[in-house]
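These are the residues of each chain, in order.
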Amino acid sequence: MKKFMRTAVIVLMIISLLGVSSCSMIKDKLFPGQEETYTLPEEETGPVTIPEKGCSIEFPKRRPYEYEMDLTLDTEANTVGGHVVIKFYNDSSDTWKELCLRDYPSLFDKADVYAKQSKSGGGITEIINVKDSRTGDLKVRRDDGDASVVWLNLDEELNPGKFMTLSYDFKTMIPNNADRFGFSNDIYNVTNFYPILAEYVDGEWSHAGYFTVGECFYSEISDYKVRLTVPDGYNVASTGETKDISRNDGNQKYTFEAPYVRDFVFCASKVFANESREVAGVKVNVFYNNDNPPGKDMTEVIDVAFASAETSFKAFGEAFGKYPYSELDIIITPIAAGGMEYPNLIIITDYVCSKHMSQFYPYDLLEIITCHEIAHQWFMGIVGSNSGIEPWLDESMASYSELVFYEYIGGDRERYQTEGFSRKDASIVSKWKDNDKLDQAFSEFKSDSDYTMRIYADGKAVLYQMEEILGREKFHGIIRGYVRRNAFKNANTKDFLKALYDCAGKDNDELNKLVEKVFRTKI
Ligand SMILES: [Zn+2]
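Note that the structure is predicted; figures quoted are calculated from it, not measured.

So, how was this worked out
Counting starts from 1 at the beginning of each chain's written sequence and moves along it residue by residue. At least 70 in pLDDT is required for a residue's local features to be given in this predicted model, at least 80 for side-chain atom pairs to be given and counted, and no such filter applies to totals for whole chains, interfaces and linings, which use all residues. Working from all heavy atoms in the structure, the side-chain values ignore hydrogens and water. Annotation comment: domain bounds sourced from an automatic or database domain assignment. In what follows, a contact means two residues having at least one pair of non-hydrogen atoms within 4.5 Å. Each salt bridge in this description consists of a side-chain nitrogen of Lys or Arg and a carboxyl oxygen of Asp or Glu lying within 4 Å of one another. N or O atoms within 3.5 Å of each other form a polar contact, as long as, within protein, one can give a hydrogen and the other can take it, and as long as residues adjacent in sequence are counted only when both atoms are side-chain atoms. Helix numbers and strand numbers start at the N terminus; a helix is a DSSP run of H or I with at least 4 residues, a strand a run of E with at least 2. All amino acids are sorted into three groups, where Ala, Val, Leu, Ile, Met, Phe, Trp, Tyr, Cys and Pro are nonpolar, Asp, Glu, Lys and Arg are charged, and the leftover types, Gly among them, are polar. Buried, partly exposed and exposed residues are distinguished by accessible area as a fraction of the type maximum, computed with a 1.4 Å probe on protein chains only: under 20%, between the cut-offs, and over 50%, respectively. Any two strands are treated as partners once DSSP identifies two or more bridges connecting them. All axes are obtained by fitting lines to C-alpha atoms, using only the stretch in contact for helices, and the reported angles, taken between N-to-C directions, cover 0 to 180 degrees. Two aromatic rings, drawn from Phe, Tyr or Trp (for Trp, its six-membered ring), form a pair once their centres lie within 6.5 Å of each other, and the interplanar angle then sorts them: stacked below 30 degrees, edge-to-face above 60, tilted otherwise.

How big an interface is tends to be stated in terms of accessible area lost as the parts join. Here the protein is partitioned into domain 1 (5–16 + 64–375) and domain 2 (392–518). A C-alpha centroid distance of 27 Å is found between domain 1 and domain 2. The partner domain 2 presents 29 residues to the 35 residues of domain 1 that form the contact. Across the domain 1-domain 2 interface, the total number found is one salt bridge. We note a salt bridge from E367 to R413, for which the minimum N-O separation is 2.5 Å. Between the two partners, domain 1 and domain 2, sit nine residue pairs in polar contact (both at pLDDT 80 or more). For the side of domain 1 that touches domain 2, the secondary structure elements donating two or more residues are α1 (5–18), α2 (298–320) and α3 (364–375). Examining the composition of the side of domain 1 that touches domain 2, we find that nine residues originate from one element, α2, more than from any other. Taken together, the residues of the side of domain 1 that touches domain 2 sort by class into 17 nonpolar, eight polar and ten charged.

Listed below in structure tokens is the structure:
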């Protein structure tokens, strides 16, 4: 995941030192019948150029997939489930004989090796009534090696460009666990909770293994329409916008719409208070536990959260292109990691809500985690990537974005944060051995700490040192070019290097040395 591990490590160190325990933009698109063939819009293939500072990021012409979900959160049984309809088309040039869904909650089963993550365990997700609109019932087959991988053999192949509708009912256990998927202190973090269509890339369904210090989530841009029933008194934050709340028979039914996102998540609690402010043109909603507030002075905590969001939207909007969505929810909740990112929603751990939980400045851990997770709206949300296979594309970029945030603030704040990452402090070219590479899969790192150090700290330094070589304006512009070219698609290291070389040229010796040192990908 991103978990924001570097900060998490620092926070955990501090904790041990202190002895503290730890849009309405969806149109009513009619999905065409299966006889029609969808042709993908032509891709831009020429050289990447630098867009103007603060450019807008347009929603794509390509038709998004569609998820329609009727869900119920049962807080007695601690389950979430319901009916899901996915409308999609084959966006590859291969004929699909099977589909792959990812069902991450099944890894929290008591009997599973991942059960150690959970205090009270989850369970294998029940997936029933699986139907292909063209042929009827489909059988569910779980992968022998990974319970989160669900295969569906199609009775009728799906040819390139052809449409189909898949529907199913599911119910999954929510573990009692203070983490990205789980409930704790009356707050439910319901993320990566429904079986989601995997990505089909390079001739196969991608199904990289789940891991706890990072993430493997990888999915297609989709429009979501979600109806969620929760008990009366529950306040819900989610991806997208709340369109309606109705009450009936001791329950509330929320209606959400979320256009052009890769996933849908929600957090729900009867103890949530929330405050909303418009910052930098985005409606930001901060949710926190009002019965047992995470900080002594919640006015200060909330102000820091809004101020961090405002600076993030301004700094990243200028550097990477403007945030294209209308809302962002910030959820302050108990999770073991520092933070976690989802489309239009970020989770911040509640243990940084003290002015004393800081590195250089009161509340700066809250600030830095907030800006890191907001940066993921660009690097994961807008530009997707396979975070299990090339984790640097979201985590190193989000870690470097922390420096972009402090560059925007300037002065001592910038100096404190950039110290240690520059070429004069720790040149990556001198420090790294020849076989140390940034563009490795999670599984290739020697250990969790090797992954964390390389992807979060060194990856941040790699990008900062590129900025030093090329100049701040130019490097931000190159990232903007990379974002605009790859917005709402899934990018890889080659796409980044193409943007870099198209905009910076290939005759900068210092840049070439750094790129050669850290990337095994060649273009
Ligand atoms: Zn991250």
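On we go.
A two-sided burial pattern is seen for strand β15 (residues 235–238), the buried positions comprising N235 and A237 on one face and V236 and S238 on the other. Direction of pairing for β15 relative to strand β18 (residues 266–269): antiparallel, over a ladder of four bridges. Along β18, the bridge assignment pairs A237 with C267.

A few words on the sheet that holds β18. Here we have four strands laid out as an open sheet, ordered β9-β10-β18-β15, and antiparallel in their pairing. Of all the strands in the sheet, the pair left with one neighbour each is β9 (182–184) and β15. Here the strands of the sheet are splayed against their neighbours by 15° on average, with no regard to which way each runs.

With that out of the way, let us pick up the packing of aromatic side chains. This model, assessed by the stated rule, comprises 46 aromatic pairs. With a centroid separation of 5.6 Å and an interplanar angle of 75°, the aromatic rings of F316 and W378 are classed as edge-to-face. Placement of the pair is F316 in helix α2 and W378 in the loop between α3 and α4 (392–409), with a sequence separation of 62 residues. Accessibility classification places F316 together with W378 in one group, the buried group. Between W392 and F496, the ring centres sit 5.1 Å apart and the planes meet at 90°, which makes this aromatic pair edge-to-face. Linking W392 in helix α4 with F496 in helix α10 (residues 493–504), this pair joins segments that are 104 residues apart in sequence. For the pair shown, W392 and F496 are each scored as buried. Taken together, the ring pairs connect F59, Y260, F313, F316, F320, Y323, Y325, W378, F379 and F488 into an aromatic cluster.

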